[in-house]
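One-letter residues, chain by chain:
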Amino acid sequence: MDVNQAKQEHLLALKVMRLTKPTLFTNLPVTCEERDLPGDLFGQLMKQDPSTIKGAESLMLGEMLTLPQNFGNIFLGETFSSYISVHNDSTQIVKDILVKADLQTSSQRLNLSASNSAVAELKPECCIDDVIHHEVKEIGTHILVCAVSYTTQFGEKLYFRKFFKFQVLKPLDVKTKFYNAESDLSSVTDEVFLEAQIQNITTSPMFMEKVSLEPTIMYNVTELNTVASGDDGESTFGKMSYLQPMDTRQYLYCLKPKAEYAEKAGVIKGVTMIGKLDIVWRTNLGERGRLQTSQLQRMAPGYGDIRLSLEMIPDTVNLEEPFDIVCKITNCSERTMDLVVEMCNTRSIHWCGISGRQLGKLSPGASLLLPLTIFSSVQGLQSISGLRLTDTFLKRTYEYDDIAQVCVICPYTSNEC
Amino acid sequence: MDAREAPSQRPDTLDITMEDGSNAASAGDSLEAPSNLVPFKDNILPQEESIDLGGAEFATPHEDSSATPSESLMDRLNDQMMESVMISDSPNNSEEEDVAPMDSFLDGGEDLKPAREDEGKEGSQEQPFNQLQAVFSGTDDPFATALSLSEVDRRHDAWLPSEETRKVLISVATQQYSPAYVESSRLTMPGLKFDNLQVDAVKDLMLRFLGEQAAMKRQVLTANSVEQSVIGLKQLVSSKNWRAAVDLTGRLLTAHGQGYGKAGQPTSHTTDSLQLWFVRLALFTKLNLFQNAELEFEPFGNLDQPDLYYEYYPTVYPGKRGSMVPFSMRLLHAELPQYLAKPQEALDRLHHLETICLAILDNLEKGLAEDGSMVTLTQENRQASLKLWRSRLGRVMYSMANCLLLMKDYILAVETYHSIIQYEPQQRVQLLSGIGRIFLQIGDVKMAERYFQDVEKGCQKGGPVTNTTCVLMNRAFVYLSQNNYTEAHATFLEVLKIDPKNPVANNNAAVCLLYLGRLKESLGQLEGLVQQDPTSYLHESVLFNLTTMYELESSRSTQKKQALLEAVACREGDSFNTQCLKLA
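Conventions and cut-offs
- Residues numbered from 1 in each chain as written.
- Chains lettered and ligands numbered in written order.
- Predicted model: local features only at pLDDT ≥ 70, side-chain atom pairs only at ≥ 80, totals over all residues.
- Heavy atoms only, no water.
- UniProt positions renumbered as here; feature names shortened; annotations may be inferred.
- Helix = DSSP H or I, 4+ residues; strand = E, 2+ residues; numbered from the N terminus.
- Buried < 20%, exposed > 50% of the residue type's maximum accessible area, 1.4 Å probe, protein only.
- Areas by Shrake-Rupley, 256 points an atom, 1.4 Å probe, with all protein chains shown as cover.
- Expected span 1.5 Å × (residues − 1).
- Domains from an automatic or database assignment.
- Contact = heavy atoms within 4.5 Å.
- Buried area = accessible area lost by both parts, 1.4 Å probe.
- Salt bridge = Lys/Arg side-chain N within 4 Å of Asp/Glu carboxyl O.
- Polar contact = N/O pair within 3.5 Å; in protein donor to acceptor, adjacent residues only side chain to side chain.
- Pairing = 2+ DSSP bridges.
- Axes fitted to C-alpha atoms, helices over the stretch in contact; angles between N-to-C directions.
- Core = buried A, V, L, I, M, F, W, Y, C linked by side-chain atoms within 4.5 Å.
- Nonpolar A, V, L, I, M, F, W, Y, C, P; charged D, E, K, R; others polar.
- Disulfide = S-S within 2.5 Å.
- Arc of directions from axis to C-beta.
- Phe/Tyr/Trp six-rings, centres within 6.5 Å; stacked < 30°, edge-to-face > 60°.

- Looking at an unreviewed UniProt entry, chain B carries the name Trafficking protein particle complex subunit 12, with the source organism given as Oryzias melastigma.
- Recorded under Subunit (unreviewed entry), the UniProt text for chain B is reproduced unchanged: "Component of the multisubunit TRAPP (transport protein particle) complex, which includes at least TRAPPC2, TRAPPC2L, TRAPPC3, TRAPPC3L, TRAPPC4, TRAPPC5, TRAPPC8, TRAPPC9, TRAPPC10, TRAPPC11 and TRAPPC12. Interacts with CENPE."
- The annotation that UniProt attaches to chain B under Function (unreviewed entry) is "Component of the TRAPP complex, which is involved in endoplasmic reticulum to Golgi apparatus trafficking at a very early stage. Also plays a role in chromosome congression, kinetochore assembly and stability and controls the recruitment of CENPE to the kinetochores."

- As named in an unreviewed UniProt entry, chain A is Trafficking protein particle complex subunit 13, taken from Oryzias melastigma.
- Taken verbatim from the UniProt record of chain A, the Sequence similarities (unreviewed entry) comment is "Belongs to the TRAPPC13 family."
- Under the heading Subunit (unreviewed entry), UniProt records this for chain A: "Part of the multisubunit TRAPP (transport protein particle) complex."

What follows is the structure, encoded as structure tokens:
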């Protein structure tokens, strides 16, 4: 706790005390039975103790509030509250007292005092009290500068300052991972999954009140951290509602590009802004902290010049029976392409149709649908491979193997297959 | 949770100062003699001593029996047993309802002749019957009384020894008089390891801050200023002079031959010696001298050694079965490691206790006796036993929950507190409120509110006043967690309207005032309370708050703290934790 002695020559003393939340006093129950030597002595002692719970003296956690005994730690996002007391230690009346409290960080200086007006007079043994609050928004060294100016009864103007230094530490470690969903066949757009790993790097448990993703304008967010049951969903973390020191949790969000941006989604290149994580937590007796990450960025997966995706494909097909698929070819480059499609058979996959036909010109950003027919000669999970697209302008061929998978079964129950 | 520092243990100094000079050590006794207050038999060793057993005056504890010339192990055992006999508390003086083992009534009760060493073997055999009648002159049926007492004994002393111990006890039972020779590693050989703890921290502070004159005025009960017996011990305990009490237990145990330096030396145990150990170790714990307790507990092993059972002493306690170790001592032993940063070990021990309690309850429900033997119990006895063991189980669960809380395993702690409700339904309100407070400590205000609502639903209108105050306190804590100190303060004041002397509400209201920037008011309130009602308010937690606020108020806090010291000096015993005065 930062309480320094006032200099002897000053009439006023300035004391500062950080006001973290109080703690609950705990007891150490020592009991015995009536037949034991002490009889009911131990029980009586516990009942007379004002800090035990009456009727349940063995309960360790009492109800007596104890003031904080030391400064403790302070973390980014928490609120720094402090009691500032100016006490007239002298025997004379002091006039025109002005108390100012500033917070100096590496980047700025903030005024924290509630009132900026001077107090007219302060009698001996009286004090001026102020409680300041400040939400800490920077990490590192902070200095609370308290300045007191006053006039003695002889008209002498005096002034002194006190400095209280403290460190603000980082409370959470946040790591993010992006997962690109395989194109959902019923929708045109791509979904991106964000996994946020949050680690508690403080020394006390944290209750995560809210962890939400605020998306940018391009996306809609679905949070995937509750299990639907009853009215409120139950958290996926179940009863484990708090995070112990050094524990990590993963939160999952699904981002879907909005309809108006859907078309562009396929051709988004480079870095895009996904959104911000907003984290609110609480510790002892509801002490609150809040942090937002900076904009999370996602590197769009490179599709190259042409993107081939499957629009329609059955899950299961019969052996040696032709089935239809529909491919979507998107021109992700900046120039127009003139495409020719070729199909190559593999050991298990046999293409039907004309190989080497022209698909026509495709402008940048445009896409076309290509229906094709295949049949498989091997049972089991087969991978569809063997598509080749050639851009006749640049004479460049793009190969597409393992585009999708299909399950091939034998429809006959006899041993003929 | 607040950190408590255990005061460093006092190094052992051997000087046990005896008041009235030492009496020679005890005479021997043959093993046929039962326990307390045994008439001396023939083979008395040459030295005689007078044992003043009448009335309240007991002889001062003897020196260690190492002074006795005795050759064999048997003789040494005899010595120990005699000493333990003399210090036992006689039922006439005892405040307990359940009196000493019934054997004592068969031998010759407590209304005694002073010098029993004169009696020969022959004479003693006639005496018991005379004395038996004398003791029971008021009651109709001495045997029924004796039997009912033995029922009480049986259910309290029941225990399930481990397989090894059971074997040893069986072998003792099959041999008539002498206990089978058990390897010394399986015997309990305790001894004091600390001596002369009596240091009065308050007096020390007074010397430093208030001067020698003031310090001289400090009056506390010491081990010397009370009767050297259990009565004196109880005085010291109830007046909160626990350090003196520890010293007195040391003296009484020394008389049992288990004094300083006796650890590792063969000895024998009685109900009384074990109770003394329990009190000593419990007081160490209350004084936060956990290491001291651990070191002196060590020779007791896991409290399952054969010589801690009544069956091991068939001649001293004929027919008696079960463990001499008080259940509370087992509990203390189990809880201790958590205060020494070994909470997992505490949990293991507590689970073992729980298992045995459940096994005993199971036996009772099946119609057997507690230890599983096919003894039929009357309905009344069975119910009484079930009640006892259920309450013991509840107590074990409290310990487990507290330990889990200390380990910060909040989820398990909450579950365990919850499950206590079925054993102690009358504590439902307090338990649910306690769970709510745990959630507030975690920061989960919503969950806490849910529990507090549960409490409120369970409290009907017109119920006991304590329920209303409980509901209000819970509400105040929620306001606190929402940073609404104004409402929290107002709610604590509402509690005071119902219960003006409630120390918790008063303290908490003052704390709220500080957070509202009203230091002077808060100080005034707390100071006033301490002055008007020091019994309730000269407590660690309140004084911590008061001294913290003194330091915040001005540079002249030392004077005010000294005033507190003076108030403490007049009233508090030697066990007062002076750290809260912040004068160091």
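The structure having been displayed, the exposition proceeds.
**What to know about the overall build of chain A**
Then, number 1: Across its full length, chain A carries 2 helices and 33 strands.
Then, number 2: Expressed as a percentage of its 417 residues, the buried residues of chain A come to 50%.
Then, number 3: When the accessible surface of chain A is summed, it comes to about 19800 Å², and 50% of that surface belongs to carbon and sulfur atoms.

**Some remarks on the UniProt feature "repeat: TPR" (unreviewed entry) in chain B**
Then, number 1: In this numbering, the UniProt entry assigns the feature "repeat: TPR" (unreviewed entry) to residues 469-502 of chain B.
Then, number 2: Secondary structure content for residues 469-502 of chain B is 79% helix and 0% strand, and the end C-alpha separation is 9 Å.

**Section: helix 10 (residues 271-286) of chain B**
All names here are of chain B.
Then, number 1: With 16 residues, helix 10 extends 22 Å from end C-alpha to end C-alpha; this agrees with the ideal 22 Å at 1.5 Å per step.
Then, number 2: For helix 10, the tally of buried residues reaches 15 of 16 residues, placing the bulk of the element in the interior.
Then, number 3: Looking one or two residues beyond helix 10, the residue adopting positive phi is N288, at roughly 65 degrees.

**As for the domain arrangement of chain B**
All names here are of chain B.
Then, number 1: For chain B, the domain assignment lists domain 1 (337-423) and domain 2 (427-475).
Then, number 2: Contact with domain 1, which involves 8 residues of that partner, is made by 9 residues of domain 2.
Then, number 3: When residues of domain 1 are sorted by the area they lose upon contact with domain 2, Y410, V414 and I421 head the list and together hold 54% of the total.
Then, number 4: Viewed at the interface, domain 2 and domain 1 are joined by 0 salt bridges.
Then, number 5: One can count 1 residue pair in polar contact (both at pLDDT 80 or more) joining domain 1 with domain 2.

**Quick notes on the sheet that holds strand 23 (residues 306-312) of chain A**
All names here are of chain A.
Then, number 1: In spatial order, the strands read 23-25-29-27; together these 4 strands make up an open sheet with antiparallel pairing. This sheet does not close on itself; its edge strands, each paired only once, are strand 23 and strand 27 (349-352). In this sheet, adjacent strand axes meet at a mean angle of 40 degrees when their direction is disregarded.
Then, number 2: The pairing of strand 27 with strand 29 (residues 367-376) spans 4 bridges and is antiparallel.

**Digging into unusual backbone geometry**
Then, number 1: A positive phi angle is found at K395 of chain A, which is not glycine, with a value near 55 degrees.
Then, number 2: Summarising the element assignment, K395 of chain A is placed in the loop between strand 31 (387-391) and strand 32 (396-400).
Then, number 3: For L303 of chain B, which is not glycine, the phi dihedral falls at a positive 60 degrees.
Then, number 4: By relative accessible area, L303 of chain B is classed as buried at 1%.

**Observations concerning the sheet that holds strand 1 (residues 12-18) of chain A**
Then, number 1: Reading across from one edge, 1-5-9 (chain A) is the order of the 3 strands in this open sheet, with antiparallel pairing throughout. Because the sheet does not close on itself, it has two edges, and the strands there are strand 1 and strand 9 (127-135) of chain A. Across the sheet, the mean angle separating the axes of adjacent strands is 20 degrees when strand polarity is ignored.
Then, number 2: Where strand 5 (residues 79-88) of chain A lies against strand 9 of chain A, 9 bridges are found, and the strand directions are antiparallel. Paired with Y83 of chain A across the two strands is V131 of chain A, which belongs to strand 9 of chain A.
Then, number 3: Packed onto the sheet, helix 23 (residues 540-553) of chain B meets strand 1 and strand 5 of chain A and runs at close to 135 degrees relative to strand 1 of chain A.

**A closer look at the nonpolar core**
Then, number 1: Core analysis: the largest hydrophobic core is formed by 170 residues, its most contacted members being W389 and Y417 of chain B.
Then, number 2: With 12 residues, the single largest contributor to this core is helix 14 (residues 379-406) of chain B.
Then, number 3: One finds V16, I84, Y251 and L255 of chain A within the second-largest nonpolar core, a separate group that totals 50 residues.

**Here's the deal with the pattern of salt bridges**
Then, number 1: Under the definition given, this model contains 34 salt bridges over all chains.
Then, number 2: For R35 of chain A, the salt bridge is made with D157 of chain B, and the minimal N-O distance between the two is 3.5 Å. Taken together, the residues span two chains, with R35 of chain A in the loop between strand 2 (23-26) and helix 1 (41-48) and D157 of chain B in helix 4 (residues 142-157). In this pair, the class of R35 of chain A matches that of D157 of chain B, namely buried.

**Looking at the interface of chain A and chain B**
Then, number 1: The partner chain B presents 94 residues to the 71 residues of chain A that form the contact.
Then, number 2: Summed over both partners, the interface of chain A with chain B comes to about 7200 Å²; 61% of that surface belongs to carbon and sulfur atoms.
Then, number 3: Looking only at chain A, the three residues that lose the most surface to chain B are R35, L37 and E63 of chain A, adding up to 12% of its buried area.
Then, number 4: Taken together, chain A and chain B are joined by 5 salt bridges.
Then, number 5: A salt bridge links R392 of chain B to E33 of chain A; the shortest N-O distance between them is 2.7 Å.
Then, number 6: For the pair chain A and chain B, the interface holds 39 residue pairs in polar contact (both at pLDDT 80 or more).
Then, number 7: Mapped by element, the contributors of at least two residues to the side of chain A that touches chain B are strand 1, strand 2, helix 1, strand 3 (61-66), strand 5, strand 9, strand 14 (206-215) and strand 20 (271-283) of chain A.
Then, number 8: Among the elements that take part in the side of chain A that touches chain B, strand 3 of chain A stands out by supplying 6 residues, more than any other.
Then, number 9: In the side of chain A that touches chain B, the residues fall into 39 nonpolar, 18 polar and 14 charged.

**Examining the environment of N196 of chain B**
Then, number 1: Note on placement: N196 of chain B falls in the loop between helix 5 (163-174) and helix 6 (201-209).
Then, number 2: N196 of chain B sits 54 residues away from G250 of chain B along the chain, and the two C-alpha atoms are 8.6 Å apart.

**Quick look at the domain arrangement of chain A**
Then, number 1: Domain annotation for chain A reports domain 1 (12-20 + 69-169), domain 2 (23-66), domain 3 (172-299) and domain 4 (306-409).
Then, number 2: Each of domain 1 of chain A and domain 4 of chain A was reduced to a C-alpha centroid, and the two centroids are 73 Å apart.

**Focus on the state of the cysteines**
Then, number 1: What the rule picks out here adds up to 0 disulfides over all chains.
Then, number 2: Free cysteine: C127 of chain A, not disulfide-bonded; nearest cysteine sulfur from C126 of chain A at 7.2 Å.
Then, number 3: Sulfur of C580 of chain B: no disulfide; nearest cysteine sulfur belongs to C570 of chain B and is 15 Å away.

**Concerning helix 19 (residues 485-498) of chain B**
Then, number 1: For helix 19 of chain B, spanning 14 residues, the distance from its first C-alpha to its last is 20 Å, which sits close to the expected 20 Å at 1.5 Å a residue.
Then, number 2: Looking only at helix 19 of chain B, the buried set comprises Y485, A488, H489, T491, F492, V495 and L496 of chain B. Each buried residue of helix 19 of chain B lies within a common arc of 165 degrees when the element is viewed along its axis, so the set occupies one face.
Then, number 3: Elements that come into contact with the buried residues of helix 19 of chain B comprise strand 3 of chain A together with helix 18 (465-481) and helix 20 (503-515) of chain B.

**Here's the deal with the side chain of D391 of chain A**
All names here are of chain A.
Then, number 1: Note that D391 resides in strand 31.
Then, number 2: For D391, a relative accessible area of 0% puts it in the buried group.
Then, number 3: With residues near it in sequence (within four places) discarded, D391 still touches R335, M337, D338, L339, R396 and Y398.

**Observations concerning the packing of aromatic side chains**
Then, number 1: Summed over all chains, the structure comprises 21 aromatic pairs over all chains.
Then, number 2: Measuring from centroid to centroid gives 6.4 Å for Y150 of chain A and F160 of chain A, while their planes differ by 75 degrees, and the two rings are edge-to-face. Placement of the pair is Y150 of chain A in strand 10 (residues 140-151) and F160 of chain A in strand 11 (residues 157-169), with a sequence separation of 10 residues.
Then, number 3: For the ring pair F327 of chain B and W389 of chain B, a centre distance of 5.9 Å and an interplane angle of 85 degrees mean the geometry is edge-to-face. Linking F327 of chain B in helix 12 (residues 327-335) with W389 of chain B in helix 14, this pair joins segments that are 62 residues apart in sequence.
Then, number 4: For F327 of chain B, a relative accessible area of 5% puts it in the buried group.
Then, number 5: Given the relative accessible area of 0%, W389 of chain B is considered buried.

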